[in-house]
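Summary of structural features
The residues making up each chain are set out below.
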Amino acid sequence: MESSAYDVIVVGAGMAGLTAAAYTARAGLKVLLCDKEKNTGGLVNSFEYKGFVFDGGIRAIENSGIVAPMLRQLGLQVDFLPSPVSIGIGEDVVWIESKASLTAYQALLEKHFPANKDDIAAIMREIVKIMGYMDVLYGIDNPLFMDLKRNPGYVFRTILPWMLKYALTAPKIASLREPVEEYLTRFSANQALIDMIAQHFFQKTPTHFALSYFSLYLDYRYPRGGTGTLPQALERFVLDHGGEIRRETLITSLDPGRRQAVDDRGNVYQYKKLVWAADQKALYRIVNPASIPDRQAGERIRARKESLVGKVGGDSVLTVYLTVDMESSAFGRIASPHFFHTPSTAGLSQVRLDELRMAGPESAAGLIADRSRIEDWLRRYLEHTTYEISCPVLRDHTLAPAGKTGLIVSSLFEYSLTKHIAALGWYDEFKQLVADHMIRVLDASIYPGLRAAVMDSFTSTPLTMERISGNSDGAITGWAFTNDVMPAVRSLPGVASSVLTPIPDVYQAGQWTYSPAGLPISILTGKLAADRVLKALA
């Protein structure tokens, strides 16, 4: 057991933690960044498997006026490649190359839903309108990542005019918090059509976030070498500026009265300030409010802990990784490197988890134990869901052996069902069933010949995501939109306060601090937390 002292400790080495550590280390503070895993990056990572490079988390990087200016400010060079997006239904595919591509998307929907052309036209008008709102929101590089003292003209030429546009647009964005699947019922009574649009997104995704995705698709880029190149650049920056990184280090106790963190080996770390960039439920499990002399602060911590009871993490993901004995060009002729594919027009409303619910206390999850019925449900789900398919070698030819292709095939999936299957004792068989049936579905719908060409496959589940990220419920975007009350800041003007906690000298950052969340929000809150630390220790 050892004892060490630091100016700032950052817990969690995902993108939020790496950002917070980079900026505090750059300022000359003594920084410790720790993470329970072997590698940094969290849900932004790449790994090598039999000569193929796969991405273990997100499949591409969206700038959103944050990523590029952050890299420039830190002087980091990451080579980004184009990452075009395509959308397919059945055998039909359209590429999203510009805003004009919405016309092709509209035609795709009209082909499969010819009786709903007027509905589709109305929905397209909504998408165009919301894309306009989000163009304002992300219309400039975020000033937080710019040295405005050296460029005062930028304030007058760019920021002030943008602030006026933002003031006019923000209320319109805020009015579109209704879940997208409900909002679309205003324009069509055809549930299958609504599903074709809404099932691309997380359950109850706010309309402004969901329908703005068509703008985000145009913003996607791919780091040369894989998405893991981005956290690796930040990791090197932290180390080059004197920061310390401790891997496989799980913080198990936090004593804010003594300003001490303790890891799973009993090592004690003294801090002046701490940034929690990990699962928020874990923070309130390990904090000891009784050690705080200020009784009111202790009560606020207990109240926050109680407010998180029953709150759940957002959607998780089921992924099958495939090594394929086919040239990448065979896939590139069909779709782009980043492809959203829906095999069936019937829609996921045809396959509801409620079918597996039971009235009796047969399981803690409230789900049936009948394996054959669950397997039948899984097959139907995989035939109706929307797949996010990534082909890294189509972006960077070095990411697969010559003449071979690696595919990453993902679908949103329910954590509770995965955990239930594991408790029933057939988790490994479940993973194999999923892989086999996904391959069959893709072979029959969009990639003929795939099944015969697959050399190897392995599966990641929501339990895998939980283990690797430490996120409650295997969540990939922080809190679920299905929570009755969102336990995070939701208004962009309030994002600066999202990093505050009731725990003295402790700030928070990452996907759990603001909703809706993603990579840009993780970086933004990491920078905001770092700024708070630097101001407090100045």
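In this report, the structure presented in the accompanying data block is examined. (Residues numbered from 1 in each chain as written. Predicted model: local features only at pLDDT ≥ 70, side-chain atom pairs only at ≥ 80, totals over all residues. Heavy atoms only, no water.)

We now examine the pattern of salt bridges. This model, assessed by the stated rule, comprises 24 salt bridges. Across the salt bridge formed by D531 and K527, the nearest N and O atoms sit 3.0 Å from each other. Taken together, the residues D531 and K527, both in helix α19 (residues 519-537) and four residues apart, mark about one turn of the helix. You can call K527 buried: its relative accessible area is 6%. Where salt bridges share partners, they join R259, K273 and D505 into one cluster. (Salt bridge = Lys/Arg side-chain N within 4 Å of Asp/Glu carboxyl O. Helix = DSSP H or I, 4+ residues; strand = E, 2+ residues; numbered from the N terminus. Buried < 20%, exposed > 50% of the residue type's maximum accessible area, 1.4 Å probe, protein only.)

A word on the nonpolar core. Soluble globular proteins tend to bury their nonpolar side chains together. Grouped together as the largest cluster of nonpolar side chains are 85 residues, with contacts concentrated most on I9, Y105, L109, Y217, L254 and L274. In contact with L274, not counting residues within four places along its chain, are I9, V11, L254, A261, D505, V506 and Y507. One finds F339, F413, V434 and L442 within the second-largest nonpolar core, a separate group that totals 51 residues. (Core = buried A, V, L, I, M, F, W, Y, C linked by side-chain atoms within 4.5 Å. Contact = heavy atoms within 4.5 Å.)

Once that is clear, we can look at the packing of aromatic side chains. A complete count under the given rule lists 26 aromatic pairs for this structure. Ring geometry for Y213 versus Y217: centroids 5.9 Å apart, planes at 65°, classification edge-to-face. Separated by four residues within a single helix, Y213 and Y217 lie in helix α9 (residues 213-219), roughly one turn from each other. On the basis of relative accessible area, Y213 is assigned to the buried category, the value being 15%. Using a relative accessible area of 3% as the deciding quantity, one classes Y217 as buried. Chaining the aromatic ring pairs together yields one cluster made of Y105, F201, F209, Y213, F214, Y217, Y220 and F340. The ring of Y6 is capped by K30, whose NZ or CZ atom sits 5.1 Å from the centre of that ring. (Phe/Tyr/Trp six-rings, centres within 6.5 Å; stacked < 30°, edge-to-face > 60°. Lys NZ or Arg CZ within 6 Å of the ring centre and 35° of its normal.)

As far as function goes, none of this settles anything; it's purely spatial.
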